[in-house]
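Each chain, letter by letter, is given below.
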Amino acid sequence: MEPTAYADAERSRVRRLPERGSRERALVHAILDEGMLCHVGIATERGPVVIPTLYARDGERLYLHGSPASRLLRSLARGAPVCLTVTHVDGLVLARSAFHHSMNYRSVVVFGTAREVEDLEEKRRALRLLVEHIVPGRSGETRGPNAFEETYTRVLAVGIEEASAKVRAGGPKDDEADLALPHWAGVIPLRVAPGAPEADPALAPGITAPVYARRYRRPGWPPC
């Protein structure tokens with residue numbers, strides 16, 4: 001049976017405000033599954049590089065994809081160690097003092113080693129997962145990649161070797177001496193909200209937006 005938490009490890013240990021940290025597997029997975037964009041950091045021969053990219057989680061691995069010409073993917077395909085982060089900003093925390101202003105957030109840091117996906121069936125499955133992660137329901141209603149597109153798309157799998165989450169929630173934490181100051185304090189909640197689908201002008205007549213486009217949702221979003 002899979003452990004409910006990731007093992008404590010030096011690289012991924014939360015040191016600043018450790019009470020906000022967690023290694024609970026369910027929390028790490030939930031933050032990853034709600035996100036779409038990650039930032040991938042590696043050390044290259046030219047120095048450190050951090051690149052934003054889409055991803056999808058499949059159990060204890062994360063799939064990335066891109067052009068074979070990508071410097072990031074070339075480095076990762078050689079087995080470079082990788083650090084991958086995902087962050088959700090949930091609110092702006094306004095305190096009475098400038099020093100105590102903050103943000104409410106949920107974040108994950110993952111450490112792992114990438115491998116290039118060379119098995120064609122795994123590659124096709126990973127590409128479907130990437131589409132499904134971004135728009136659930138879409139992979140069954142789109143043309144899949146042809147042989148040329150498969151050849152010119154590099155797919156990498158990053159095993160989750162270490163992971164930790166860090167979460168801040170709640171209101172400002174002002175000093176007691178500042179509580180009587182005549183300044184508003186509280187939280188401005190922030191959230192991502194989809195707009196109405198905008199049809200491609202070249203769309204054939206009679207094709208309407210599917211339900212998953214009209215009612216787009218991410219895992220973890222509250223009910224409409």
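Everything here concerns the structure above.
Here the structure is a predicted model, which means the values were calculated and not measured.

Asker: I tried to follow the overall build of the chain on my own but got confused; where do I start?
Answerer: Counting secondary structure elements, the chain contains five helices and ten strands. Dimensions of the chain, computed from the C-alpha atoms along their principal axes, are close to 65 × 50 × 40 Å. In the chain, once contacts between residues fewer than 6 apart in sequence are set aside, the share between residues at least 24 apart is 72%. The centroid of the 31 positive side-chain charges in the chain is displaced by 2 Å from the centroid of its 28 negative side-chain charges.

Asker: I keep staring at the pairing of strand β2 (residues 37-44) and nothing clicks. Help me out?
Answerer: Within a regular strand, the side chains alternate between the two sheet faces. By the bridge criterion, eight bridges tie β2 to strand β3 (residues 47-54) in an arrangement that is antiparallel. Looking at the pairing, I42 lines up with V49 of β3. What sits between β2 and β3 in their antiparallel hairpin is a turn of two residues. Sheet topology places β2 next to strand β6 (residues 81-94); three bridges connect them, and they run antiparallel. Paired with H39 across the strands is T85, a residue of β6.

Asker: Can you help me understand the side chain of N104 in this one?
Answerer: Its location among the elements puts N104 in strand β7 (residues 102-116). Of note is the side chain of N104, whose polar atom sits 2.6 Å from the side chain of R168. Among the polar contacts made by the side chain of N104, one reaches the main-chain carbonyl oxygen of G170 at a distance of 3.0 Å. Among all residues touching N104, those that are not within four sequence positions of it are H88, V89, D90, G91, V93, R168, A169, G170 and V187.

Asker: I'm lost on the packing of aromatic side chains in this one. Help?
Answerer: The geometry of an aromatic ring pair is captured by two quantities: the separation of the ring centres and the angle between the planes. For the coordinates displayed, the defined rule picks out two aromatic pairs. Between F148 and Y152, the ring centres sit 4.7 Å apart and the planes meet at 35°, which makes this aromatic pair tilted. Comparing F148 with Y152, the two get one shared label, exposed. Lying over the aromatic face of Y6, R25 brings its terminal NZ or CZ to 4.2 Å of the ring centre.

Asker: Can you walk me through the layout of surface pockets in this structure?
Answerer: Rolling a probe over the atoms, with the probe sized like a water molecule, indicates the empty space that remains. Estimates place the volume of the largest pocket at around 500 Å³. As for the largest pocket, its lining consists of 21 residues, and the residues nearest its centre are E34, H88, R191, V192 and W221. It is β6 that contributes the most residues to the lining of the largest pocket, five residues altogether. Of the residues in the lining of the largest pocket, the class split is eleven nonpolar, four polar and six charged.

Asker: Is there a simple way to think about the environment of N146 in this case?
Answerer: Within the element layout of this structure, N146 appears in the loop between α3 (120-134) and α4 (147-151). On the basis of relative accessible area, N146 is assigned to the partly exposed category, the value being 33%. Within the structure, N146 has its side chain in polar contact with the backbone nitrogen of F148 (distance 3.2 Å).

Asker: Help me understand the nonpolar core, please; the structure alone is not making it clear to me.
Answerer: Within soluble globular proteins, side chains that are nonpolar generally end up buried alongside one another. Counting 24 residues, the largest nonpolar core has L32, V40, L64, L76 and L84 as its most contacted members. Listing elements by their share of this core, those giving two or more residues are α1 (25-34), β2, β5 (61-66), α2 (71-77), β6, β7, β8 (154-159) and β9 (162-168). Other than its neighbours up to four places away in sequence, V40 contacts V49, V50, I51, T53, L64, L72, L76, V82, C83 and L84. Residues A56, V117, L127 and L130 belong to the second largest nonpolar core, which totals eight residues.

Asker: How do you make sense of a nonpolar patch on the surface when you look at a structure like this?
Answerer: On the surface, a nonpolar cluster with roughly 460 Å² of combined accessible area is contributed by V89, M103, W184, I188 and L190. Among the secondary structure elements, I188 is positioned in strand β10 (residues 186-189). Judged by relative accessible area, which is 36%, I188 ranks as partly exposed.

Thresholds, definitions, all that
- Once a new chain begins, its residue numbering starts again from 1 and follows that chain's sequence as written.
- Local features in a predicted model are, by the rule used here, given only for residues with pLDDT of at least 70; side-chain atom pairs are given and counted only at 80 or more, and totals for whole chains, interfaces and linings are based on all residues.
- Side-chain figures throughout are based on the complete set of non-hydrogen atoms in the structure, without hydrogens or water.
- Runs of E in the DSSP output that reach at least two residues are strands. Runs of H or I that reach at least four are helices, and both are numbered from the N terminus.
- Throughout, a residue-residue contact means that at least one pair of heavy atoms, one from each residue, lies within 4.5 Å.
- The positive count covers Lys and Arg only, the negative count covers Asp and Glu only, and His and the chain ends enter neither.
- To locate a charge, take NZ of a lysine, CZ of an arginine, CG of an aspartate or CD of a glutamate.
- One requirement defines pairing of two strands: DSSP has to find at least two bridges between them.
- Here a polar contact means two N or O atoms within 3.5 Å. Within protein one must be a hydrogen donor candidate and the other an acceptor candidate, and residues neighboring in sequence count only if both atoms are side-chain atoms.
- Geometry of aromatic contacts follows a simple scheme: Phe, Tyr and Trp rings, the Trp one being its six-membered ring, pair when their centres are within 6.5 Å, and the pair is stacked under 30 degrees between planes, edge-to-face over 60, tilted otherwise.
- Exposure classes here rest on a 1.4 Å probe applied to the protein chains alone. A residue is buried below 20% of its type maximum, exposed above 50%, and partly exposed in between.
- The rule is short: NZ of Lys or CZ of Arg within 6 Å of the ring centre and within 35 degrees of the ring normal puts a charge over the ring.
- A 1.4 Å probe that fits into a set of points on a 1 Å grid over the protein atoms alone but cannot get out defines a cavity; an open set with protein on both sides within 12 Å along at least five of seven lines defines a pocket, and lining residues are those with an atom within 4 Å of a point.
- Grid points are joined across faces, edges and corners, and a volume is the space filled by probe spheres set on the points.
- Three classes are used, and their members are as follows: Ala, Val, Leu, Ile, Met, Phe, Trp, Tyr, Cys and Pro are nonpolar, Asp, Glu, Lys and Arg are charged, and the others, Gly among them, are polar.
- The criterion is simple. A nonpolar core is a set of buried Ala, Val, Leu, Ile, Met, Phe, Trp, Tyr and Cys residues joined through side-chain atoms within 4.5 Å.
- Residues forming no salt bridge and having over 30% relative accessible area are the ones grouped into patches, like charges within 9 Å of each other and nonpolar side chains (Val, Leu, Ile, Met, Phe, Trp, Tyr) within 5 Å.
- Residue burial considers only the protein chains on display, and all accessible areas are found by Shrake-Rupley using a 1.4 Å probe.
- Each salt bridge in this description consists of a side-chain nitrogen of Lys or Arg and a carboxyl oxygen of Asp or Glu lying within 4 Å of one another.

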